[in-house]
Amino acid sequence: MPVPPPAPFDGGAPIDGGATGHVRLPPGSVVPAPTPAPGAAAPDIAHAGVAVLLIGPAGAGKTTVARFWAERRPVPTAHISLDDVREWVRSGFADPRSGWDDRSEAQYRLARRTCGFAARNFLANGISCILDDAVFPDRPAVGLGGWKRHVGPGLIPIVLLPGLDVVLERNAARTGTRRLSDEEVATIHGRMAGWYGSGLPIIDNSRHDVATTARMLDDAVARSLSHPPQW
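J.: Before we move on, could you go through the nonpolar core and cite the residues and values that matter?
T.: Counting residues in each nonpolar core, the largest one holds 30 residues, and the members touching the most others are Leu-53, Ile-55, Leu-131, Trp-147 and Trp-195. Considering each element in turn, this core owes the most residues, four residues, to helix H3 (residues 102–124). Residues within four places of Ile-55 in sequence aside, it is in contact with Lys-62, Asp-133, Val-135, Leu-144, Pro-157, Ile-158, Val-159, Leu-160, Met-192, Trp-195 and Leu-200. Of all hydrophobic cores here, the second largest spans 19 residues; its members include Leu-54, Val-65, Ile-203 and Ala-220.

J.: Can you break down the sheet that holds strand E5 (residues 202–203) residue by residue, with the values?
T.: The sheet built from five strands is open, its strands ordered E2-E3-E1-E4-E5 with parallel pairing. The outermost strands of the open sheet, each flanked by one partner alone, are strand E2 (77–81) and E5.

J.: Could you give an account of the environment of Arg-149, with specific residues and numbers?
T.: Mapped onto the fold, Arg-149 is located in helix H4 (residues 144–150). By relative accessible area, which is 53% here, Arg-149 ends up exposed. Residues Arg-149 and Gly-116 lie 33 residues apart in sequence; the distance between their C-alpha atoms is 8.5 Å.

J.: Requested: an account of the confidence of the model for the chain, with residues and values cited.
T.: Scored by pLDDT, the chain has a mean of 82; 79% of the residues are at 70 or more. Residue range residues 1–23 is modelled with pLDDT below 50. Its contacts to residues more than four positions away, or to other chains, number 24 contacts.

J.: Provide a residue-level description of the pairing of E2, including the pertinent values.
T.: The element E2 is largely enclosed, with a buried count of four among its five residues. When E2 meets strand E3 (residues 128–133), the two strands line up parallel, connected through five bridges. Across the sheet, Ser-81 pairs through a bridge with Asp-132, a residue of E3.

J.: Could you give an account of the packing of helix H5 (residues 164–172) against helix H6 (residues 182–192), with specific residues and numbers?
T.: Running from amino to carboxyl end, H5 crosses H6 at an angle of 140°, the nearest separation of the two axes being 10 Å. Overall, the two elements H5 and H6 adopt an arrangement that is oblique. As for how H5 packs across H6, the hand of that crossing is right-handed. In this structure, H5 contributes Leu-164, Val-167, Leu-168 and Asn-171 to the contact, and H6 contributes Asp-182, Val-185, Ala-186 and His-189. Tallied by class, residues from the contact of H5 with H6 come to five nonpolar, two polar and one charged.

Conventions adopted
- Here, residues in each chain are numbered from 1, in the same order as that chain's written sequence.
- Where local features are concerned, this predicted model is filtered to residues with pLDDT of at least 70; where side-chain atom pairs are given and counted, the filter is 80 or more; whole-chain, interface and lining totals use all residues.
- To obtain the side-chain values, all non-hydrogen atoms of the structure were included, while hydrogens and water were left out.
- Buried residues of nine kinds, namely Ala, Val, Leu, Ile, Met, Phe, Trp, Tyr and Cys, make up a nonpolar core once their side-chain atoms join them within 4.5 Å.
- Working definition: with a 1.4 Å probe on protein chains only, accessible area under 20% of the residue-type maximum means buried, over 50% means exposed, and in between means partly exposed.
- Numbering goes from the N terminus for both helices and strands, where a helix is a DSSP run of H or I of at least four residues and a strand is a run of E of at least two.
- Two residues qualify as a contact provided that any one of their heavy atoms is within 4.5 Å of a heavy atom in the partner residue.
- Paired strands are those between which DSSP finds at least two bridges.
- pLDDT: the predictor's confidence for each residue, scored from 0 to 100.
- Between the N-to-C directions of two axes lies an angle of 0 to 180 degrees, each axis being a line fitted to C-alpha atoms and, for a helix, fitted only over the stretch in contact.
- Angles are sorted into four bins: roughly parallel if under 35 degrees, roughly antiparallel if over 145, roughly perpendicular if 65 to 115, and oblique for all others.
- Take the far helix as your reference; a near helix turned counterclockwise from it by less than a right angle gives a left-handed crossing, and one turned clockwise gives a right-handed crossing.
- Side-chain classes are defined by residue name, with Ala, Val, Leu, Ile, Met, Phe, Trp, Tyr, Cys and Pro counting as nonpolar, Asp, Glu, Lys and Arg as charged, and the others, Gly among them, as polar.

Spelled out as structure tokens, the structure:
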């Protein structure tokens, strides 16, 4: 795909001289990995500036949980859904129900870059963010490497993985491009099991409501800030 020329950088100064407080993001700027000091007190997750990637299969509840979590944090927090960004393409949209090909991969990569820039821009302006995406452990094209490149090593990946019966039931309630066949949902769910043993935090929200799952997400983020997972 054609690559646009880089935007001019003004050294990080506010665009309008400070009236809005907006900070221009330096090209290539990424979120650094957290480096907690030995013996440091547990981070205040309620007020920490973070970038979280919520991973899970279709029907896991990623978007619902991410939105709920973002809305209730005491600090400014944005929710960035990769599926929403992908669907900004109206004419020529690569429908996931039609299978995976070069066109759908190109649109996925473009959406991921767009989400990554948005996340860095929010963070540069003091706004935390949570992104959601169905990242596969065994598929490099839609793997974690791209997210690390576009957001940075400080991104905190957390897996939301309820049981297959739960994701099938939730998928059946969907409509439009978000609803997949039962066979595809089962295949995606099975491949997500590869995250077990990866070292990433995994939340099984099969029997938990959204509020409880959001609290578990808080705990997982706090643990990741204190002991960053290797990924």
